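Examining the three-dimensional arrangement
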Amino acid sequence: MSDHSSLPAEVWWREHSQWLHERGYLLRPRFRAGWKTPSNREESLWLWGKGDVIDAVRTSDGTAVALKRTVTVRETEVMQLLNTEPLASSPDNPCVPLYEVLNPPDAPDRSILVMPFLRQFDSPPFRTIGEVMEFCRQALYGLRFLHTHNIAHRQVISLRGNFCLDPHASNIMLDPRQMYPHGFYTGYPGHDYRRPSFKGHAEVYTRTQRPSKYFWIDYGLADTFEFPSLPGTLLVPYVRGGDRDIPETLQGVTHADPFASDVWWMGSIIKELIEVSVQKYHGLDMLSELVDAMCREKPEDRPTIATVVGQFDVIGCSSWRLRQMTARKKDVLGRTRAFPAFIFHTLGYLITGKSAMPRPQ
């Protein structure tokens, strides 16, 4: 990746690197004052989105964190609300933990949100149907939690685009701390299989071995509303989220029900990851009917998220089906090669009592 040392976002972070260090957060060498272009690949420029998110290390304990600069006061308020008791301790609360809010002395209009460093929710890839179903369960329960507390997210982004190289292509992300006990390289998503030192592969466990939680990020468009008695009946000024294919955007509406839009966006994510995969993978067709209902064109025809969760909970899946590997139907050679390792791991899971649908504690 080419050097763009004059990018405004990079300059901004470099100018604040010393202040951040004094506050206990160390940026990568590239973003520190006096940095000179090295020859090693790990210092390739990488800033997420428009440069508003950057990786750092908390100096007190070496924890990898993400720093997000924001001018959206409402985003900070919603995240602080979700990180305050009694909401914070709820197992269904999907909000990413907010470690701290920093206020740069020379930029009173900006705040820096300090959060754990997360991964794209399907990185590393799911290994079993049960792991995929657990992702869907947590995502749906998380959205129900937000709606129960009258919060519409309004910015759920689907998987369209080059999400393999953009860890923020979706706003639902994986907490990797259990699966990567010694961390991984955070400087560039294409190298996140490496150790933090960039030397060698990072130690990683499967989701079944070490069940992990998924968090929702990006509350810049989130807001609180009185939850409607019927789907599609709350009409407030429509805010375009990350997915441009939602009917509300295509139809150019000016007012819409944000809760019904959230349901469509969530269904779209599952549809692209799961239902479209029915043509490629075994064992995921049981979600098709539910996803179709969530993605109905008319908001008033979509179920509430509470109804969706209720229908999801009664989907019948045997333990054997949940333990099936997520192998592509057409990739016969790949399935054949992976099968011995899959059987070995599955026997180990059975012996050690690992759940087929691994839920975090």
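Our subject is the structure listed above.
All of the points below concern the structure found in this document. Nothing here was measured: the structure is a model prediction, and the numbers come from that model. (Residues numbered from 1 in each chain as written. Predicted model: local features only at pLDDT ≥ 70, side-chain atom pairs only at ≥ 80, totals over all residues. Heavy atoms only, no water.)

**What about the sheet that holds strand 6 (residues 119-120)?**
The strand order across the open sheet formed by three strands is 6-8-9, and the pairing between neighbours is antiparallel. Each edge of the sheet is formed by a strand with only one pairing partner; in this case those strands are strand 6 and strand 9 (214-216). One ladder, built from two bridges, connects strand 6 with strand 8 (residues 172-174); its direction is antiparallel. Looking at the pairing, arginine 119 lines up with leucine 174 of strand 8. On the sheet, helix 4 (residues 129-148) packs against strand 8 and strand 9 and is oriented at approximately 35 degrees with respect to strand 9. (Pairing = 2+ DSSP bridges. Helix = DSSP H or I, 4+ residues; strand = E, 2+ residues; numbered from the N terminus. Contact = heavy atoms within 4.5 Å. Axes fitted to C-alpha atoms, helices over the stretch in contact; angles between N-to-C directions.)

**Some words on unusual backbone geometry**
Residue glutamate 85 is joined to proline 86 through a cis peptide bond whose omega torsion reads 10 degrees. Within the secondary structure layout, proline 86 lies in the loop between helix 3 (73-82) and strand 4 (100-102). Here the amide bond leading from serine 123 into proline 124 is cis, since omega sits at 5 degrees, within 30 degrees of zero. Looking at the secondary structure, you find proline 124 in the loop between strand 6 and helix 4. For asparagine 150, which is not glycine, the phi dihedral falls at a positive 65 degrees. Along the polypeptide, asparagine 150 turns up in the loop between helix 4 and strand 7 (151-152). For asparagine 150, a relative accessible area of 30% puts it in the partly exposed group. (Buried < 20%, exposed > 50% of the residue type's maximum accessible area, 1.4 Å probe, protein only.)

**So, the pairing of strand 3 (residues 63-70)**
Taken across its eight residues, strand 3 has six buried, putting it largely inside the fold. Bridge count for strand 2 (residues 53-58) against strand 3 is six bridges, and the pairing is antiparallel. Its bridge partner lying in strand 3, aspartate 55 is registered against alanine 66. Where strand 3 meets strand 5 (residues 111-116), six bridges bridge the pair, whose relative direction is antiparallel. Pairing of threonine 70 across the sheet is with serine 111, part of strand 5.

**Quick notes on the nonpolar core**
Ranked by size, the top nonpolar core spans 65 residues in total, and within it Leu82, Phe135, Leu140, Ile172, Tyr219, Met266 and Phe312 carry the most contacts. Mapped onto this core, the elements with two or more residues apiece are helix 3, strand 5, helix 4, strand 8, strand 9, helix 6 (258-275), helix 7 (288-294) and helix 8 (305-313). Top element by residues in this core is helix 4. It accounts for 11 residues. Setting aside chain neighbours within four positions, we find isoleucine 172 in contact with Phe121, Phe135, Ala139, Tyr214, Phe215, Trp216, Met266 and Ile269. Grouped together as the second largest cluster of nonpolar side chains are 14 residues, Trp13, Phe31, Leu102 and Val114 included. (Core = buried A, V, L, I, M, F, W, Y, C linked by side-chain atoms within 4.5 Å.)

**Focus: the packing of aromatic side chains**
Within this structure, the stated rule accounts for 10 aromatic pairs. One aromatic cluster in this structure is built from Phe121, Phe126, Phe135 and Tyr214. The cationic tip of arginine 119 hangs over the ring face of phenylalanine 184; the distance from NZ or CZ to the ring centre is 4.5 Å. One Lys or Arg, arginine 137, reaches over the ring of tyrosine 141 and ends 5.1 Å from the middle of that ring. (Phe/Tyr/Trp six-rings, centres within 6.5 Å; stacked < 30°, edge-to-face > 60°. Lys NZ or Arg CZ within 6 Å of the ring centre and 35° of its normal.)

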